[in-house]
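Residue-level structural notes
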Amino acid sequence: YLDEKLVQQWAKEHAVVFHLKRAGNELHHLQGSLQERARILRYEWLEKLAAERGIRHLLLGHHADDQMETILLQFFRGSGTAGLQGMKASSGIRRRPLLSFPKETLRNYALAAGLKWREDLSNAGEAYLRNRIRHRLVPVLKELFPGIDTVINRNAQRASHAASAVDYLFQSLFQEFLKEERKDRLEFDLGRMDAHPMGDFFLSELLLRNGFTVSDA
């Protein structure tokens, strides 16, 4: 409620149109944790609102610390090259202009500029895995490797390039190994796949892209 009031007051002071969305039963129809479902609903609503009002860019406040937490989560979950990209600076109409700035830098700027903000109370606890990584693991990594947020962001950019190369190779191999394609199934030439030096890579990537885990692949 206080978060809502802060934003509403800011919008009023700056003559900005204020929109409010209250989550209802829609959350129960989505999959995943509460945070994941809320995020899906939030983005769906914002992008629908943007389309209705002809808004071309949706600016998000994710910063370098968020990026580091996301990449660490993806790494430990074994998400592969795609997950190591982290959040993209630009995706669809979503823009993340602060992604290269550490949280501390943004906080110092806000204090110097006299900006008002509110801390999300859920960030202080350790109920969520992301929070435990933020409060326990990240401080140790920053102590051992000063500037690690910058390094991780740089590696995320490299992972993005690598993921593009992986996708290009996968699509090429897909066409090479594909034997028959129907509405309910795909058939591949296993003999050709077995003889090809990248056959194992293709099979593993195919399984991962169809919902199997790393251990399954």
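Heads up: these notes are all about the structure in this document. (Residues numbered from 1 in each chain as written. Predicted model: local features only at pLDDT ≥ 70, side-chain atom pairs only at ≥ 80, totals over all residues. Heavy atoms only, no water.)

1. Focus: the environment of Glu176
Inclusion rule: Helix numbering and strand numbering both begin at the N terminus, where a helix is a DSSP run of H or I of at least 4 residues and a strand a DSSP run of E of at least 2. We call a residue buried when its accessible area falls under 20% of the maximum for its residue type, exposed when it is over 50%, and partly exposed in between, using a 1.4 Å probe and counting protein chains only. Should any heavy atoms of two residues lie within 4.5 Å, those residues are considered in contact.
Structurally, Glu176 can be placed in helix H6 (residues 148–177). Exposure remark for Glu176: the relative accessible area of 34% places this residue in the partly exposed category. Through-space distance from the C-alpha of Glu176 to that of Leu60 is 40 Å; in sequence the pair is 116 residues apart. Excluding anything up to four places from it in sequence, Glu176 contacts Arg192 and His196.

2. Re the packing of aromatic side chains
For clarity, the cut-off: Pairing of aromatic rings covers Phe, Tyr and the six-membered ring of Trp, with a centre-to-centre limit of 6.5 Å; geometry is then stacked below 30 degrees between planes, edge-to-face above 60, and tilted otherwise.
A full pass over the atoms with the stated rule returns seven aromatic pairs. Each ring, one from Phe170 and one from Phe202, has its centre 5.1 Å from the other, and the planes form 20 degrees; the classification is stacked. Of this pair, Phe170 sits in helix H6 while Phe202 sits in helix H8 (residues 199–208), placing them 32 residues apart in sequence. Note on accessibility: Phe170 and Phe202 belong to one class, buried. With a centroid separation of 5.4 Å and 80 degrees between ring planes, the pair formed by Phe174 and Phe188 is classed as edge-to-face. You can see Phe174 sitting in helix H6 and its partner Phe188 sitting in strand S5 (residues 186–188), a full 14 residues away along the chain. Residue classification places Phe188 among the buried positions, given a relative accessible area of 15%.

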